Amino acid sequence: MHKLPGKMSRGWRRHVDAHNDLVDYVHKTHPIPAHGHRETVNGTMPPPRPEELVMQFAPRILAGGTVSDPVINITPGYVFGSWHDGSDSASSTTEATAAHLPEVQAWVFEPKIGTTSLTNNPPPGLTLEIDACNYIYLELTWKAYRSAIGGHDYDSDYAFKAAYNLQVTGLPTETETTNAGGGVHRHLISAGGAHAISDGTASSPPEPGIHVRVDKIFYTLASAKFITQTAAAAPLETELKTHILAGYVYLDANGDIDKNGEDDGFRWFLQGAIWATRPPCIVSGHSSPERDEPIAPTAATTNAIPGIA
Amino acid sequence: MHKLPDKMSRGWKRHADAFNDLREYAGKTRPVPAHGYRETVNGTMPPPLLAEALPQFAPLLMTGENPALNITPGYVYGAWHDSAAVDSSTQQTPAADFPEIQAAVVEPKISTTLLTANPPPGISITYPGNTYFFLKLTWKAYRSAVQGSYLEADFNLAPDFPVNTGVDDPDLSGDSHTHPIAATGVASETADPGVQLNIDVINYILSAAVFISQVDQAPPTETEMITYIPAGYISLDDSGEITTFGGDDGWRWFLQGAITAHRPPHFVTGVTTGQDRAEPIAPTAAETYTLPGQATDA
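Residues numbered from 1 in each chain as written. Chains lettered and ligands numbered in written order. Predicted model: local features only at pLDDT ≥ 70, side-chain atom pairs only at ≥ 80, totals over all residues.

A. Quick look at the overall build of chain A. Looking only at helices and strands, chain A features one helix and 21 strands. Overall size of chain A, expressed as C-alpha extent along the three principal axes, is 160 × 50 × 35 Å. In chain A, which comprises 309 residues, the proportion classed as buried is 29%. Across chain A, contacts joining residues at least 24 apart in sequence account for 68% of those joining residues at least 6 apart. (Helix = DSSP H or I, 4+ residues; strand = E, 2+ residues; numbered from the N terminus. Buried ≥ 20, exposed ≤ 12 C-beta atoms within 10 Å, placed from the backbone. Contact = placed C-beta atoms within 7 Å.)

B. Quick peek at the interface of chain A and chain B. Tallying the contact residues gives 80 residues for chain A and 93 residues for chain B. Mapped by element, the contributors of at least two residues to the side of chain A that touches chain B are helix H1 (13-29), strand S5 (79-83), strand S6 (104-109), strand S11 (152-154), strand S12 (157-171) and strand S16 (210-212) of chain A. Top contributing element to the side of chain A that touches chain B by residue count: S12 of chain A, with 13 residues. Taken together, the residues that form the side of chain A that touches chain B break down as 42 nonpolar, 28 polar and 10 charged. (Nonpolar A, V, L, I, M, F, W, Y, C, P; charged D, E, K, R; others polar.)

C. Spotlight on the nonpolar core. Residues and elements named next belong to chain A. In terms of nonpolar packing, the biggest core is built from 90 residues, with Val 79 and Phe 80 touching the most fellow members. For this core, the element with the most residues is strand S10 (residues 132-149), which contributes 10 residues. Shared between two domains, this core takes at least three residues from each, and those domains are domain 2 (59-150 + 214-284) and domain 3 (158-178 + 188-212). When near neighbours in sequence (up to four residues on either side) are disregarded, Val 79 contacts Phe 109, Pro 111, Leu 221, Ala 224, Ile 274 and Ala 276. (Core = buried A, V, L, I, M, F, W, Y, C linked by C-beta atoms within 7 Å. Domains from an automatic or database assignment.)

D. Main features of H1 of chain A. Its 17 residues give H1 of chain A an end-to-end C-alpha distance of 24 Å, which sits within 8% of 24 Å, the value for a rise of 1.5 Å per residue. Among the residues making up H1 of chain A, those that are buried are Ala 18, His 19, Leu 22, Val 26 and Thr 29 of chain A. All buried residues of H1 of chain A fall inside an arc of 105 degrees around its axis, so they share one side. In this structure, the buried residues of H1 of chain A make contact with helix H1 (13-29), strand S1 (38-40) and strand S2 (43-45) of chain B. (Expected span 1.5 Å × (residues − 1). Arc of directions from axis to C-beta.)

E. Quick look at the sheet that holds strand S9 (residues 125-127) of chain A. Residues and elements named next belong to chain A. Strand order in this open sheet of three strands is S3-S4-S9, and the pairing throughout is antiparallel. Both edges of this open sheet fall to strand S3 (59-62) and S9, since each of them pairs with a single strand only. If you compare each strand with its neighbour and ignore which way they point, the axes differ by 25 degrees on average. Here four bridges tie S3 to strand S4 (residues 71-74), and the two strands are oriented antiparallel to one another. From the neighbouring strand, Pro 59 faces S4, where its bridge partner is Ile 74. (Pairing = 2+ DSSP bridges. Axes fitted to C-alpha atoms, helices over the stretch in contact; angles between N-to-C directions.)

F. Structural view of the packing of H1 of chain A against H1 of chain B. It is the contact of H1 of chain A with H1 of chain B, at a shortest axis distance of 11 Å, that shows an interaxial angle of 15 degrees. Here H1 of chain B runs roughly parallel to H1 of chain A, going by the angle between their axes. Judged by the sense of rotation from one axis to the other, the crossing of H1 of chain A with H1 of chain B is left-handed. Along the contact surface, H1 of chain A presents His 15, Ala 18, His 19, Leu 22, Tyr 25 and Val 26 of chain A, while H1 of chain B presents His 15, Phe 19, Leu 22, Arg 23 and Ala 26 of chain B. Each residue belonging to the contact of H1 of chain A with H1 of chain B can be placed in one class, and the counts come to seven nonpolar, three polar and one charged. (Parallel < 35°, antiparallel > 145°, perpendicular 65-115°, else oblique. Left-handed = near helix turned anticlockwise from the far one by under 90°.)

G. Quick peek at the sheet that holds S5 of chain A. All names here are of chain A. Ordered in space as S6-S5-S20, the three strands form an open sheet in which the pairing is mixed. The open sheet has two edge strands, S6 and strand S20 (274-275), and neither has a second partner. In the sheet, S5 pairs with S6 via four bridges, with the strands oriented antiparallel. Bridge assignment links Gly 81 to a residue of S6, and that residue is Trp 107.

H. Highlighting the environment of Pro 120 of chain B. Residues and elements named next belong to chain B. Here Pro 120 lies in the loop between strand S8 (113-114) and strand S9 (122-124). Along the backbone, Pro 120 and Ile 71 are 49 residues apart, and their C-alpha atoms lie at a distance of 8.3 Å. In contact with Pro 120, other than residues within four places in its own chain, are Asn 70 and Leu 115.

I. Inspection of unusual backbone geometry at higher detail. The omega angle of the peptide bond from Glu 293 of chain A to Pro 294 of chain A is 0 degrees, so this bond is cis rather than trans. The residue Pro 294 of chain A is located in the segment after strand S21 (281-284) in this model. The linkage connecting Glu 279 of chain B with the following residue, Pro 280 of chain B, adopts the cis geometry, with an omega of 0 degrees. Along the chain, the position of Pro 280 of chain B falls in the segment after strand S19 (266-269). If you check the backbone angles, Ser 156 of chain A has positive phi at about 65 degrees while not being a glycine.

J. Inspection of the confidence of the model for chain B at higher detail. Per-residue pLDDT for chain B averages 86, and the proportion of residues at 70 or more is 83%. Reported for the predicted complex are a pTM of 0.84 and an ipTM of 0.82. (pLDDT = per-residue confidence, 0-100.)

K. A look at the environment of Ala 98 of chain A. Relative to the elements of secondary structure, Ala 98 of chain A occurs in the loop between S5 and S6. Every residue in contact with Ala 98 of chain A, bar those within four places of it in the chain, is listed here: Ser 147 and Ala 148 of chain A together with Ile 281 of chain B.

Next up, the structure:
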């Protein structure tokens, strides 16, 4: 620590008093070298600023009147989603190797813009339109894996076995009386009345009883990429394509970020790693159902977007 | 605020001018007591340094002779149910179609030490070579009958009765004749009737989370109750410093922020006997995965 000059005890009193007052003042106001501050011969050095913390999926917008092609960059980030080697690009296929759970419950994926990973150097950018509100989505593409569930043998596969308690009523107890020319007579049927239904013995289907064929479709993540659109309505999803709204930015005719009427001009929703899940779907295991399932999603019309009235 | 001394207006001019210049300099260069700076009788105290705000699960890497990885504290959210067991085969007594807590919080460990422990735990890194870090999640399961008992099925069945007898009765008439049989019967229900499908749902809840490392690039084979999240990887050279290997990156870290862990439910037969295979089928090893930043199979 630098040493404060001593006070004057001799000399012209007027100068001595002034000097000593200034020494007191300098002592009282000098920066104390604490909390990262460090004295040097050229002054007191404050501590270095901590390295900028960049969160995953932070937006970087390059726009404004001097920018001819406004663009948004997105800092690298990761999406976690299930993985299975044999997943198919359609849910209609029953896989040859049965599986009920993905091989990896939460694998890691790096999103792209176009065909370029976010970590690329130079980083990819999404082109923004001026005089429009640009909605940025993270589009997730899924694959599906379909397999029978149930645990009971059925027709070279598996099914749920149902319990049943059924009986047949109305069985005739006897034939009607008929005069066939040889006198009135009747033929008795010994096993008349009501009888319980039991497992059959027919050779096809091979397993007796009642079986319900059910398939489980579980979804695994295939890829993720950012897209942009100017339509306010969310993109129409499909069974294998979903979208996460990342944010929106409104650029006026000059390319500047501005409010769009009463709506906010800019909001960004993503921060940190993304955990994507697509819950499994249970469907009929029969090969020719009367409708295809799962039913495809319809367009959302009543969803609200934060900041947009 | 400390008062700046008065200017000298009298005295030996050479000294007075020098004093006033120094006084003005001292006034201009003193730290202004704002933004947390505080004047004391012994000087101006700067504010304490703010603790660096790191996101959850940020890696703190120490390379060199004894490379190690610390991970800032973070939390994993997953479902919770008191009655969950360590396997899914147990038929739980209390029926529950939902977990008791949809998103309970779990603090991961390194080995047996919580990330918030002081001193914090670390993962030693072997070198030279590659190390892959995973967050290992341990699940429990509870099993409950869907619909409380059984799914009752509608049915539309009819027995196939004989329409006519074909009796040759030569003793009475000498003629071959038939006797019609009256109306076809119907299948109907009796007590506790119908067709019932016994289905159980297995719900998974998060039990524990621990960071592990391995030198194999292939992810560990999961089980019904153990899953793994890739957290990152590192490649160290002979000196314990980060290096690339081939065209692949030498260091990537994927986690940031709280983790939402989810293990979707699974439906199985509720019949306790006579099953022809145990379900759910255990996961197999993944072989065709790709890690971000790695194009090659190390």
